[in-house]
Amino acid sequence: ADALIRLRSDLAPASLLARVQEAWAQVAGPDIARHSEPVAERGGGITVRCDSAVWAAELAAMSGDLADRLNHVASGERPVRELRFRAGR
């Protein structure tokens, strides 16, 4: 099992988006993660697709805290500079 965990981490993409996607449920929590998903990255800005405009607005209000937590858990060499939330699946 330890060998598989190491192999998985060695094979995982090193991109900021991949790290954020992997950490999203842990950082945002299961309720938020059910209604949102990081889908794109550009220049340190992460776009998160949300189930509805209500979820997008709620998460936008929490964006500073979420970005701080993501940077603590998942940023690596490149930090999350901004979180953008958009409605639509």
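Novice: Could you give an account of the pattern of salt bridges, naming the residues involved and the relevant values?
Specialist: In total, this model carries 5 salt bridges according to the counting rule given. Here R49 makes a salt bridge to E37, at a shortest N to O gap of 3.0 Å. Placement of R49 in strand β2 (residues 45–50) and of E37 in strand β1 (residues 36–42) is noted, with a sequence separation of 12 residues between them.

Novice: I'd like a rundown of the nonpolar core, residues and numbers included.
Specialist: Within the largest apolar cluster, 20 residues are counted, with the highest numbers of intra-cluster contacts made by W24, I46, L66, L70, V80, L83 and F85. The element contributing the most residues to this core is helix α2 (residues 16–28), with 7 residues. Discounting chain neighbours no more than four positions away, the residues touching W24 are G29, I32, A33, S36, E37, P38, V48, L66, L70 and F85.

Novice: Go over the environment of L16, please, and point to the residues and values.
Specialist: Its location among the elements puts L16 in helix α2. The exposure class assigned to L16 is buried, which follows from its relative accessible area of 1%. Sequence separation between L16 and I46 is 30 residues, and the spatial gap between their C-alpha atoms is 8.7 Å.

Novice: Describe the packing of α2 against helix α5 (residues 63–74), and please don't skip the residues or the numbers.
Specialist: For the pair α2 and α5, the least separation of the axes is 9 Å and the interaxial angle reads 115°. With respect to α5, the element α2 is oriented roughly perpendicular. Like other packed secondary-structure pairs, α2 and α5 cross with a definite hand, here right-handed. Contacts from L16, R19, V20, A23, W24, Q26, V27 and A28 of α2 reach α5 at L66, R69, L70, V73 and A74. Residues that form the contact of α2 with α5 fall into these classes: 10 nonpolar, 1 polar and 2 charged.

How each quantity is defined
- Residues numbered from 1 in each chain as written.
- Predicted model: local features only at pLDDT ≥ 70, side-chain atom pairs only at ≥ 80, totals over all residues.
- Heavy atoms only, no water.
- Salt bridge = Lys/Arg side-chain N within 4 Å of Asp/Glu carboxyl O.
- Helix = DSSP H or I, 4+ residues; strand = E, 2+ residues; numbered from the N terminus.
- Core = buried A, V, L, I, M, F, W, Y, C linked by side-chain atoms within 4.5 Å.
- Buried < 20%, exposed > 50% of the residue type's maximum accessible area, 1.4 Å probe, protein only.
- Contact = heavy atoms within 4.5 Å.
- Axes fitted to C-alpha atoms, helices over the stretch in contact; angles between N-to-C directions.
- Parallel < 35°, antiparallel > 145°, perpendicular 65-115°, else oblique.
- Left-handed = near helix turned anticlockwise from the far one by under 90°.
- Nonpolar A, V, L, I, M, F, W, Y, C, P; charged D, E, K, R; others polar.

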